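# Descriptive structure summary
Here is how the chains run, residue by residue.
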Amino acid sequence: MNLETLDSRLLFAIPKKGRLHEKCLQLLSGADIQFRKSHRLDVCLVMNLPIALIFLPAADIPSFVGNGNVDIGITGHDVVLEAGMQNKITEVQRLGFGKCALQIQVPEHGSIQSVEQLVGKRIVTSFEVLSGEYFGKLDDQLQLTGDQRTKIQYVGGSVEVACALGLADGIVDLVESGETMRAAGLRAISTVLETEAVLIKSNTLSRADHTPLIDLVASRIAGVVAAEKYVVCSYNISREALPLAIQITPGRRAPTISPLEQEGWVAVNAMVLKKDSARVMDELVKTGAQDILIFNLDNCRV
């Protein structure tokens, strides 16, 4: 493989490891982006579309995309902001996975109860930029200068042990379930940012003719995301009870309603949120609906 091989292809950056990697591979499979990756190479060619996948550390993807070295990519919203690339990229869509919060954590049994009490003290984090901006505003509000201002120190990992080792008075780190922080004897006192995986594109594309392909990829990915989020609810109901049933299953745009051979009855199909499907079925039973079925979606276009 050489540069000429990649020249005409859309360059698509994917996290090479970490919390987003496996979900990204599932997303590519659902979008029918077919490839074979060698264990020794971080670049591979898509077999059914003019795309090359570039596997990079998630933290590097915003810079590669923002500087136009890569056309599109998947990374965390928090990583885009930490890299300062929000003005050089466009967030095409949020992907619904990798959800977590960038939180300020302090020792559970310590004296610090609020962020204001932490201002001017020592913070350890892997997110120097976001932490610096957050505490910088608080420092300014309290008119702190010089050594009075909050001290932000970078560490590359295991941030949660910094307080126990006496390195910090508080930390700023990503929290998903909170179990790791609780095990380290920490508790959250504030949230800096809610984040999740995002599809981003460069504001300076290498080739203008890549735009239709980017739109195609974005549409396929949106279909996979929607298919994971929604199910189809199908049921039979009397026309008399139909108005009440439609309030329960309005669908994304409107339900599909078809007459049955039995007079006064119709069949209804509507997309409903997967997380609400059990409640929707319970409420439909109360309206007199019968033969209620839920179908999972493999893919869709919405």
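Worth saying up front: this structure is predicted, and the values here are computed from it rather than measured. (Residues numbered from 1 in each chain as written. Predicted model: local features only at pLDDT ≥ 70, side-chain atom pairs only at ≥ 80, totals over all residues. Heavy atoms only, no water.)

## Let's talk about the pairing of strand β14 (residues 265-273)
Taken residue by residue, a regular strand's side chains alternate between the two faces of the sheet. The test is simple: Paired strands are those between which DSSP finds at least two bridges. Strands are runs of DSSP state E lasting at least 2 residues, helices are runs of H or I lasting at least 4, and numbering of each runs from the N terminus.
Two elements, strand β12 (residues 230-238) and β14, share nine bridges in a ladder whose sense is antiparallel. Residue pairing in the sheet places cysteine 233 in a bridge with alanine 270 of β14. With four bridges joining them, strand β13 (residues 256-259) and β14 adopt antiparallel strand pairing. From the neighbouring strand, threonine 256 faces β14, where its bridge partner is asparagine 269.

## Regarding the UniProt feature "domain: ATP phosphoribosyltransferase catalytic" (unreviewed entry) in the protein
Rules: UniProt positions are given in the numbering used here, feature names are shortened, and annotations may be inferred rather than shown by experiment.
Sequence positions flagged by UniProt for "domain: ATP phosphoribosyltransferase catalytic" (unreviewed entry) are, in local numbering, residues 58-222. Between the C-alpha atoms that bound residues 58-222 there is a distance of 21 Å. The span itself is 29% helix and 30% strand.

## Quick look at the packing of helix α2 (residues 21-30) against helix α8 (residues 211-229)
The following threshold applies: Fitted lines through C-alpha atoms give the axes, limited to the stretch in contact for helices. The angle between two N-to-C directions lies from 0 to 180 degrees. If an angle is under 35 degrees, it is roughly parallel; if it is over 145, roughly antiparallel; if it lies from 65 to 115, roughly perpendicular; otherwise it is oblique. Working rule for contacts: check all heavy atoms of both residues, and any pair within 4.5 Å makes them a contact. Residue polarity follows a fixed list, in which Ala, Val, Leu, Ile, Met, Phe, Trp, Tyr, Cys and Pro are nonpolar, Asp, Glu, Lys and Arg are charged, and the others, Gly among them, are polar.
The contact between α2 and α8 brings their axes to 9 Å, and the two run at 110°. Between α2 and α8, the interaxial angle falls into the category roughly perpendicular. Judged by residue contacts, Lys23, Leu27 and Gly30 of α2 engage Ile221, Val224, Val225 and Glu228 from α8. In the contact of α2 with α8, the residues fall into four nonpolar, one polar and two charged.

## Some thoughts on the UniProt feature "domain: Histidine biosynthesis HisG C-terminal" (unreviewed entry) in the protein
Per the UniProt entry, the sites bearing "domain: Histidine biosynthesis HisG C-terminal" (unreviewed entry) are residues 227-299 in this numbering. Secondary structure over residues 227-299 splits into 29% helix and 40% strand, and the C-alpha atoms at its two ends are 5 Å apart.

## Considerations on the layout of surface pockets
Filter applied, for reference: Throughout, the protein atoms alone are placed on a 1 Å grid, and a set of points is a cavity if a 1.4 Å probe fits but cannot get out or a pocket if it is open with protein on both sides within 12 Å along at least five of seven lines; lining residues have an atom within 4 Å of a point. Grid points are joined across faces, edges and corners, and a volume is the space filled by probe spheres set on the points. Source of the domain bounds: an automatic or database domain assignment.
Counted as a void, the largest pocket has a volume near 830 Å³. Every residue lining the largest pocket is counted, 29 residues in all, and those nearest its centre are Arg19, Asp78, Phe127, Asp173 and Leu174. Those elements that provide at least two residues to the lining of the largest pocket are α4 (77-83), β9 (170-175) and α7 (179-183). Examining the composition of the lining of the largest pocket, we find that four residues originate from one element, α4, more than from any other. Along the lines of polarity and charge, the residues of the lining of the largest pocket split into twelve nonpolar, nine polar and eight charged. When residues are assigned to domains, the lining of the largest pocket turns out to be shared by domain 1 (3-96 + 197-209) and domain 2 (100-195), each giving three or more. Roughly 210 Å³ of volume is contained in the second largest pocket. In terms of lining, the second largest pocket is formed by Arg94, Leu95, Gly96, Lys99, Ala222, Val225, Ala226, Glu228, Lys229, Tyr230, Arg252 and Val302. When residues in the lining of the second largest pocket are grouped by element, the largest group, five residues, is from α8. Split by residue class, the lining of the second largest pocket holds six nonpolar, one polar and five charged.

## Here we look at the nonpolar core
Stated formally: Take the buried Ala, Val, Leu, Ile, Met, Phe, Trp, Tyr and Cys residues and link them wherever side-chain atoms come within 4.5 Å; each set so joined is a nonpolar core. When accessible area is computed with a 1.4 Å probe and restricted to protein chains, residues below 20% of their type maximum are described as buried, those above 50% as exposed, and intermediate ones as partly exposed.
Counting residues in hydrophobic clusters, the biggest one holds 28 residues, and the most contacted among them are Phe12, Ile51, Leu53, Ile74, Leu95 and Ile221. At the level of secondary structure, the elements contributing two or more residues to this core comprise β1 (10-15), α2, β3 (51-56), β4 (72-76), β11 (197-202) and α8. Of all the elements, α8 adds the most residues to this core, at seven residues. Counting 17 residues, the second largest nonpolar core, distinct from the first, contains Val115, Phe135, Ile189 and Leu193.

## Remarks on the packing of aromatic side chains
In plain terms, the rule: Working definition: rings of Phe, Tyr and Trp (its six-membered ring) pair if their centres are within 6.5 Å, and the pair is stacked with planes under 30 degrees apart, edge-to-face with planes over 60 apart, and tilted otherwise. We call a charge positioned above a ring when the Lys NZ or Arg CZ atom is no farther than 6 Å from the ring centre and deviates by at most 35 degrees from the ring normal.
Taken as a whole and judged by the stated rule, the model has two aromatic pairs. When the ring of phenylalanine 35 is compared with that of phenylalanine 55, the centres are 6.2 Å apart and the planes differ by 50°; the resulting orientation is tilted. Taken together, the positions of phenylalanine 35 in the loop between α2 and β2 (43-45) and phenylalanine 55 in strand β3 put the pair 20 residues apart, joining distant regions of the chain. Take phenylalanine 55: its relative accessible area is 2%, and that puts it in the buried class. For the ring pair tyrosine 134 and phenylalanine 135, a centre distance of 5.4 Å and an interplane angle of 75° mean the geometry is edge-to-face. The residue whose ring lies beneath lysine 37 is phenylalanine 55, and the NZ or CZ to ring-centre distance is 5.1 Å.

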